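# Reading the structure
Here's the letter readout for the chains.
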Amino acid sequence: MEILNLYGSLNGQTEKVALEIAKVAEQAGHNVSTVNLKKEGVIFDLLKYDLTFVGSGVYTWLPGKSVKEWIERQLGYARDNDLILPGSPRVPGKFACVYCTYAGPHTGEAEAIPAIKYMGQLFDHLGISVADEWSVVGAFVPGKMQHFNTSGRLGNIEGRPNADDLKQVREKTAGLLSSLQECVVD
Ligand SMILES: Cc1cc2nc3c(=O)[nH]c(=O)nc-3n(C[C@H](O)[C@H](O)[C@H](O)COP(=O)(O)O)c2cc1C
């Protein structure tokens, strides 16, 4: 499969997940392009890829700035090229996996859900089916915010994503890739 592996990461937490995805997908023999969306102006022909991963940290229950701005650019490109059609008909063989890393300090996983859904809507509008949605716990990195890592709704999340979290990411990546193997359209 041709795989696009996109992520935005303010403090490197989402990048840890993105690198695990890349490792598993490459080991399984797929062509993987991994891109940190912090680069301004980057736009992709998403329909060229069989599977696109997009990940972001969560900031006020939405993706971070670099991912939100990228979605805006992709929407502009899609509108300019008439890629968003009434009913958003499915494009066979085109899939996305959207995920976030989040700390859920106030309301827990409820803070991750809108971020994931927001990212997924870009693909759904284009007819690219959202094959999976993941939320991975990611602790606050800035020193002055670390008290949230022991006082929030998720309890103690220090050190997350930890080795177990990243193992789960690898397992879910492998599972998703196998599940789509027969769906690729040449
Ligand atoms: C300034 C700031 C604001 C944050 N706001 C939220 C938030 O509203 N909800 C949440 O669940 N996590 C929040 N977090 C935690 C991050 O989403 C989490 O640490 C994530 O793993 C960071 O990923 P990144 O370093 O890849 O951007 C915040 C972190 C920072 C630094």
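Residues numbered from 1 in each chain as written. Predicted model: local features only at pLDDT ≥ 70, side-chain atom pairs only at ≥ 80, totals over all residues.

### Let's talk about the pairing of strand S5 (residues 95–102)
- In terms of burial, S5 is a largely internal element, 8 of the 8 residues being buried.
- Alternating positions in S5 separate into two faces, Phe95, Cys97, Tyr99 and Thr101 on one and Ala96, Val98, Cys100 and Tyr102 on the other, with burial throughout.
- Summarising the sheet, S5 and strand S6 (residues 129–137) pair through 8 bridges and their orientation is parallel. For Ala96, the partnering residue across the bridge sits in S6 and is Val130.
- Assessed by its sense of winding, the connection that carries the chain from S5 through helix H3 (residues 112–126) to S6 is right-handed. (Buried ≥ 20, exposed ≤ 12 C-beta atoms within 10 Å, placed from the backbone. Helix = DSSP H or I, 4+ residues; strand = E, 2+ residues; numbered from the N terminus. Pairing = 2+ DSSP bridges. Right-handed = clockwise from strand over helix to strand, strands pointing away.)

### So, helix H5 (residues 163–180)
- Helix length check: H5 (18 residues) gives 26 Å between terminal C-alpha atoms against 26 Å at 1.5 Å per residue, within 8%.
- Among the residues of H5, those classed as buried are Val169, Thr173 and Leu176. What you see down the axis of H5 is that its buried residues fit within an arc of 70 degrees, all on one side. Summarising the geometry of H5, the exposed residues directed more than 90 degrees from the buried face are Ala163, Asp164, Lys167, Glu171, Gly175, Ser178 and Ser179.
- In this fold, the buried residues of H5 make contact with helix H1 (13–27), S5 and S6. (Expected span 1.5 Å × (residues − 1). Arc of directions from axis to C-beta. Contact = placed C-beta atoms within 7 Å.)

### Observations regarding the UniProt feature "domain: Flavodoxin" (unreviewed entry) in the chain
- Under the feature "domain: Flavodoxin" (unreviewed entry), the UniProt entry names residues 6–74.
- End C-alpha atoms of residues 6–74 are separated by 13 Å, and the span's content is 36% helix alongside 28% strand. (UniProt positions renumbered as here; feature names shortened; annotations may be inferred.)

### Quick word on the nonpolar core
- Ranked by internal contacts, the top residues of the largest apolar core, which has 42 residues, are Val54 and Tyr99.
- For this core, the elements supplying multiple residues, two or more each, are strand S1 (2–7), H1, strand S3 (51–59), helix H2 (65–80), S5, H3, S6 and H5.
- In this structure Val54 touches Leu6, Tyr7, Val67, Ala96, Val98 and Met119, once residues within four positions along its chain are discounted. (Core = buried A, V, L, I, M, F, W, Y, C linked by C-beta atoms within 7 Å.)

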